[in-house]
Amino acid sequence: MDLANCPRCGKLFARNFRDICPNCMKDIEREYETCIEYLRANKGATITELSDETGVSVKQITRFIKEGRISLYNAPNMSYPCEVCGTLIREGNMCDNCRARLRKEVRNATAETGRDHADEKKTEGAYQINHWNKDKK
């Protein structure tokens, strides 16, 4: 039996299939049901309205969306924050701007790494040639 502290409430529990204790799991299920009931009655709600009206955190609602438990299909105004900048999005983890910036940074880092390796090879070759010439004298 694997004992762990619940990351949500801090209580010690016997971990089975879940990383949170049974009491917190029940709380999360209640929060989910509360959100679903509110959304059935208020299809045009935003994530902020849903959070304010149900008392469920935006972070937890975002988890429900990413787990596929809350569908954005019938919720035209529902979106969740980009993990980088907080801009509201409807799919993925990042908004288009943050995704483009990340791609650019990766390209730049890759290009710099390529130049560094090319410089190392030039230096190694020059060293080896100089070293070889010294031996011939």
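> Is there a simple way to explain the nonpolar core in this structure?
Among soluble globular proteins, nonpolar side chains are generally buried collectively. If you look at the biggest cluster of nonpolar residues, it comprises 29 residues, and the most contacted ones within it are C35, L50, I61, F64, I65, I70 and M78. Setting aside residues up to four positions removed in sequence, I61 forms contacts with C35, I47, L50, S51, V56 and I70.

> Help me understand the layout of surface pockets, please; the structure alone is not making it clear to me.
Over the atoms, a rolled probe matching the size of one water molecule traces out where space is still vacant. The calculated volume of the largest pocket comes to roughly 180 Å³. As for the largest pocket, its lining consists of I36, L39, R40, K43, R69, I70, S71, Y73, N74 and A75. Among the residues forming the lining of the largest pocket, the class breakdown is 5 nonpolar, 2 polar and 3 charged.

> Explain the pattern of salt bridges to me, please; I cannot follow it from the model alone.
Any two side chains of opposite charge can pair, on the condition that their charged atoms come close. Throughout the structure, instances matching the rule amount to 7 salt bridges. Linking D27 and R30 is a salt bridge whose minimum nitrogen-to-oxygen distance equals 2.7 Å. Placement of both D27 and R30 in helix α1 (residues 22–41) is noted, with a separation of 3 residues, approximately one turn of the helix. Measuring nitrogen to oxygen at the nearest pair gives 2.9 Å for the salt bridge that ties R99 to D96. Linking R99 with D96, this pair stays in helix α4 (residues 96–136), spanning 3 residues, or about one helical turn.

> It is not clear to me how the state of the cysteines should be interpreted in this structure. Could you clarify?
Disulfides are covalent bonds that connect the sulfur atoms of two cysteines. Within the structure shown, the criterion is met by 0 disulfides. Left without a disulfide partner, C21 is nearest to the cysteine sulfur of C24, which lies 3.6 Å away. You can call C21 buried: its relative accessible area is 4%. Lacking any disulfide linkage, C85 is separated from the closest cysteine sulfur, that of C98, by 3.7 Å.

> Can you walk me through the pairing of strand β2 (residues 12–15) in this structure?
A regular strand places its side chains so that they alternate between the two faces of the sheet. For strand β1 (residues 2–5) and β2, the ladder comprises 4 bridges, and the chain directions are antiparallel. Counterpart to D2 in the pairing with β2 is R15. What sits between β1 and β2 in their antiparallel hairpin is a turn of 6 residues, with G10 showing a positive phi close to 90 degrees.

> Explain the side chain of Q60 to me, please; I cannot follow it from the model alone.
With respect to the helices and strands, Q60 occurs in helix α3 (residues 58–66). Note on Q60: relative accessible area 4%, which makes it buried. Excluding anything up to four places from it in sequence, Q60 contacts R8, I28 and E31.

> Would you explain a nonpolar patch on the surface in this entry?
There is a patch of nonpolar side chains on the surface, built from M1, L3 and L12 and spanning about 410 Å² of accessible area. Of note, L3 is situated in strand β1. A relative accessible area of 52% means that L3 is categorised as exposed.

> Would you mind showing me how to read helix α2 (residues 47–54) here?
Because an α-helix packs 3.6 residues into every turn, residues spaced three or four apart end up facing the same way. For α2, the set of buried residues is I47, L50, S51 and T54. The buried residues of α2 occupy an angular sector of 95 degrees when the element is viewed end-on, so they sit on one face. Summarising the geometry of α2, the exposed residues directed more than 90 degrees from the buried face are D52 and E53. Each element contacted by the buried residues of α2 is listed here: α1, α3, β3 (80–81) and β4 (88–89).

What counts, and where the lines are drawn
- Residues numbered from 1 in each chain as written.
- Predicted model: local features only at pLDDT ≥ 70, side-chain atom pairs only at ≥ 80, totals over all residues.
- Heavy atoms only, no water.
- Core = buried A, V, L, I, M, F, W, Y, C linked by side-chain atoms within 4.5 Å.
- Buried < 20%, exposed > 50% of the residue type's maximum accessible area, 1.4 Å probe, protein only.
- Contact = heavy atoms within 4.5 Å.
- 1 Å grid on protein atoms, 1.4 Å probe; cavity = no way out; pocket = protein on both sides within 12 Å on 5 of 7 lines; lining within 4 Å.
- Points joined across faces, edges and corners; volume = space filled by probe spheres on them.
- Nonpolar A, V, L, I, M, F, W, Y, C, P; charged D, E, K, R; others polar.
- Salt bridge = Lys/Arg side-chain N within 4 Å of Asp/Glu carboxyl O.
- Helix = DSSP H or I, 4+ residues; strand = E, 2+ residues; numbered from the N terminus.
- Disulfide = S-S within 2.5 Å.
- Pairing = 2+ DSSP bridges.
- Patch = residues over 30% accessible without salt bridge, like charges linked within 9 Å, V, L, I, M, F, W, Y side chains within 5 Å.
- Areas by Shrake-Rupley, 256 points an atom, 1.4 Å probe, with all protein chains shown as cover.
- Arc of directions from axis to C-beta.

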